[in-house]
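# Residue-level structure breakdown
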Amino acid sequence: ELKVEQNPLFLSMQEGKNYTIYCNYSTTSDRLYWYRQDPGKSLESLFVLLSNGAVKQEGRLMASLDTKARLSTLHITAAVHDLSATYFCAVVRRGSGGSNYKLTFGKGTLLTVNP
Amino acid sequence: GAGVSQSPSNKVTEKGKDVELRCDPISGHTALYWYRQSLGQGLEFLIYFQGNSAPDKSGLPSDRFSAERTGGSVSTLTIQRTQQEDSAVYLCASSFQRDTYGYTFGSGTRLTVV
């Protein structure tokens, strides 16, 4: 059974600071996703990481993937209040016949950025 | 449509009643997924459709839950004899069959069983 663990689950930080959210997963996977969820809203796709060593950046967020360590990180640079949300990583489990489909999610990291 | 559409957005029902939740995926997306999000349980996979068939129903929590998809498009998730523990947000997502760019989620149906 594929397990995905995120830490920390709760993160309170000040504006301007840097921090990293970690996502570990238990079995081989092809793809790793990061999503953002605002309160009462649906999931917004942030990044898709497809291969070992992949790094993607968008604004103050940067995601990376190490498939050998089964680890992804989401790094926040110089946080601003607008980044306050819950962040989920999700991993696709390999399906039969090469058809990947099921996303398994971490429990999410609730990020609060304080002025 | 432009996005994944779910209805109703909110549903309050009495314990023991049946409910139907609807998902209208993005046009052309052959894969459709139902997830449940509840406090303390995070996001749980319920069922996956490829076209009209459901190769994986492993996440359905009990036989009170069922889902169907017709015309390779709209899907309905039915919960019979609702219980309070069914209260959650039910999210639908769709993707192309071998999508490598992610899954698009709907805004969800918040189900409250009283």
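Scope of this entry: the structure provided in the associated data block. (Residues numbered from 1 in each chain as written. Chains lettered and ligands numbered in written order. Predicted model: local features only at pLDDT ≥ 70, side-chain atom pairs only at ≥ 80, totals over all residues. Heavy atoms only, no water.)

### A closer look at the overall build of chain B
- Counting secondary structure elements, chain B contains zero helices and 11 strands.
- The helix and strand sequence of chain B, counted from the amino end, reads β-β-β-β-β-β-β-β-β-β-β.
- By the compact-globule yardstick of 13 Å for 114 residues, chain B fits well, its C-alpha radius of gyration being 13 Å.
- Residue burial in chain B is summarised as follows: out of 114 residues, 48% are buried.
- In chain B, the share of contacts with a sequence separation of at least 24, taken over all contacts with a separation of at least 6, comes to 54%.
- Entry remark: accessible area of chain B is about 5400 Å², with carbon and sulfur atoms responsible for 45%. (Helix = DSSP H or I, 4+ residues; strand = E, 2+ residues; numbered from the N terminus. Rg over C-alpha atoms; globule rule 2.2 N^0.38 Å. Buried < 20%, exposed > 50% of the residue type's maximum accessible area, 1.4 Å probe, protein only. Contact = heavy atoms within 4.5 Å. Areas by Shrake-Rupley, 256 points an atom, 1.4 Å probe, with all protein chains shown as cover.)

### A few points about the state of the cysteines
Residue and element names in this part refer to chain A.
- All chains considered together, the criterion is met by two disulfides over all chains.
- Here Cys23 engages in a disulfide with Cys89; their sulfurs sit 2.0 Å apart. Sign of the S-S torsion, about 80° for the bond between Cys23 and Cys89, identifies this disulfide as right-handed. Of this pair, Cys23 sits in strand 3 (residues 19-25) while Cys89 is found in strand 9 (residues 85-93), placing the two residues 66 residues apart along the sequence.
- Accessibility expressed as a relative area gives 0% for Cys23, which makes it buried.
- Judged by relative accessible area, Cys89 falls into the buried class, the value being 0%. (Disulfide = S-S within 2.5 Å.)

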